[in-house]
Amino acid sequence: MKKSILLLLSVCTLAMAHAQLSTLFHKKGKTDSTVHHKAPKEKKPVMPKVKKDWSKVDLTKVPSDHFLIQFGSDTWTGRPNPDTIGTKGFSRHFNFYVMLNKPFKTDPRFSVAYGLGVGTSNIFFDHRYVKVWAPGPTLPFDSTTRFKKSKVTTIYLQAPIELRYYSNPGDPQHSWKFAAGVKVGTLLKAYFKGKNLLDINNNSLYGTQYVQKESNKKFFNGTFLAATARAGYGNISLNIDYSVLGVLKQNAGPVMNTLSIGLTISGL
């Protein structure tokens, strides 16, 4: 009797286990059959970067000649310490040139420009009488003869030469610009100008409208040579010039050079 009951329980247990396994494998098969695998995304082809052919830029509407105007401050570097020549105030330059621009055919972003014009420098003094006419070998800066305002002006005929770079050569007015070069020139005139001669008590001797002007080139270097640099955008740029040759001739006074910093208007 016991054997019959155990046999019956074993059969029932096997039947239930078979049913559970059948259900499990059926669900797994169904799940596996309904799974969808996503297809891998196609990679977009990488387009090679095309290098711009600058030689094909249209320059027919870009003028090749320009006016160039410069204005800014001047200073004589290398002055004695203390400053016995007595410079004072806003010394300044004004330059005007007519320039011709020649772009490179292979890459018009680069060009060579050259021209001709006039460069002037006005150095102001503190109650000094600069005797440009003096007979001696050195230029006197007389502090005993006092003018309320006095200056020395030099005027040079100059030929600037520049190597230029334009970020957008087809439209220079909307382009970054850089230039480096030289200026060479010859002295046309040098003169002293004093206004309102004063006595030792700073009283006017001949009235406030009195002007004394004397011209002589004997002490000043007749040849001008300067290194130049410019940077800007459109028609406006900052210019820096440094004269390589001294202001005065050898043994005519202190060894001084002119440093000019100012603004340039070009492309007019």
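Residues numbered from 1 in each chain as written. Predicted model: local features only at pLDDT ≥ 70, side-chain atom pairs only at ≥ 80, totals over all residues. Heavy atoms only, no water.

Chemist: Explanation requested: the overall build of the protein chain in the structure shown.
Modeler: A tally of regular secondary structure across the protein chain gives one helix and eleven strands. Reading the secondary structure of the protein chain in the N-to-C direction produces α-β-β-β-β-β-β-β-β-β-β-β. A buried classification covers 34% of the 268 residues belonging to the protein chain. In the protein chain, of all internal contacts separated by at least 6 residues, the share reaching a separation of at least 24 is 68%. Looking at the protein chain as shown, the accessible area adds up to about 17400 Å², and 63% of this sits on carbon and sulfur atoms. (Helix = DSSP H or I, 4+ residues; strand = E, 2+ residues; numbered from the N terminus. Buried < 20%, exposed > 50% of the residue type's maximum accessible area, 1.4 Å probe, protein only. Contact = heavy atoms within 4.5 Å. Areas by Shrake-Rupley, 256 points an atom, 1.4 Å probe, with all protein chains shown as cover.)

Chemist: Please explain the confidence of the model for the protein chain as it appears in this structure.
Modeler: If pLDDT is low for a region, its predicted coordinates should not be looked at in detail. Residues with a pLDDT of 70 or more make up 76% of the protein chain, whose mean pLDDT is 84. The low-confidence segment residues 27–35, where pLDDT is below 50, has zero contacts with residues more than four positions distant or belonging to other chains. (pLDDT = per-residue confidence, 0-100.)

Chemist: What's the story with the pattern of salt bridges in this structure? I'm lost.
Modeler: Working definition: two side chains of opposite charge can pair if their charged atoms are close together. Following the criterion strictly, the structure yields seven salt bridges and no others. One salt bridge connects Arg 79 with Asp 83, and the closest N-O pair in it is separated by 3.1 Å. One connected set of salt bridges, linked through shared partners, spans Glu 162, Arg 164 and Arg 230. (Salt bridge = Lys/Arg side-chain N within 4 Å of Asp/Glu carboxyl O.)

Chemist: I'm lost on the nonpolar core in this one. Help?
Modeler: Across soluble globular proteins, nonpolar side chains show a tendency to be buried alongside one another. Ranked by size, the top nonpolar core spans 25 residues in total, and within it Trp 76, Val 130, Leu 139 and Phe 220 carry the most contacts. Among the secondary structure elements, those contributing two or more residues to this core are strand E3 (110–125), strand E4 (129–130), strand E6 (146–166), strand E7 (176–198) and strand E9 (223–233). Looking at this core, the element that brings in the most residues is E7, giving four residues. What Leu 139 contacts, discounting residues up to four positions off in sequence, is Val 130, Lys 131, Val 132, Phe 219, Phe 220, Leu 248 and Ala 252. (Core = buried A, V, L, I, M, F, W, Y, C linked by side-chain atoms within 4.5 Å.)

Chemist: What's the story with the environment of Asp 126 in this structure? I'm lost.
Modeler: Relative to the elements of secondary structure, Asp 126 occurs in the loop between E3 and E4. Here Asp 126 falls in the partly exposed class, since its relative accessible area comes to 28%. Taking the C-alpha atoms as reference points, Asp 126 and Ser 150, separated by 24 residues in sequence, lie 7.3 Å from one another. Not counting residues within four places of it along the chain, the set of residues in contact with Asp 126 comprises Gly 86 and Lys 88. Polar contacts involving the side chain of Asp 126 include one to the side chain of His 127, which spans 2.6 Å. (Polar contact = N/O pair within 3.5 Å; in protein donor to acceptor, adjacent residues only side chain to side chain.)

Chemist: Is there a simple way to think about the pairing of E6 in this case?
Modeler: Walk down a regular strand and you will see the side chains alternate between the two sheet faces. Across 14 bridges, the pairing between E3 and E6 is antiparallel. Paired with Val 118 across the two strands is Leu 157, which belongs to E6. Sheet analysis places E6 next to E7, joined by 20 bridges and oriented antiparallel. The residue of E7 that forms the bridge with Ile 155 is Lys 189. (Pairing = 2+ DSSP bridges.)

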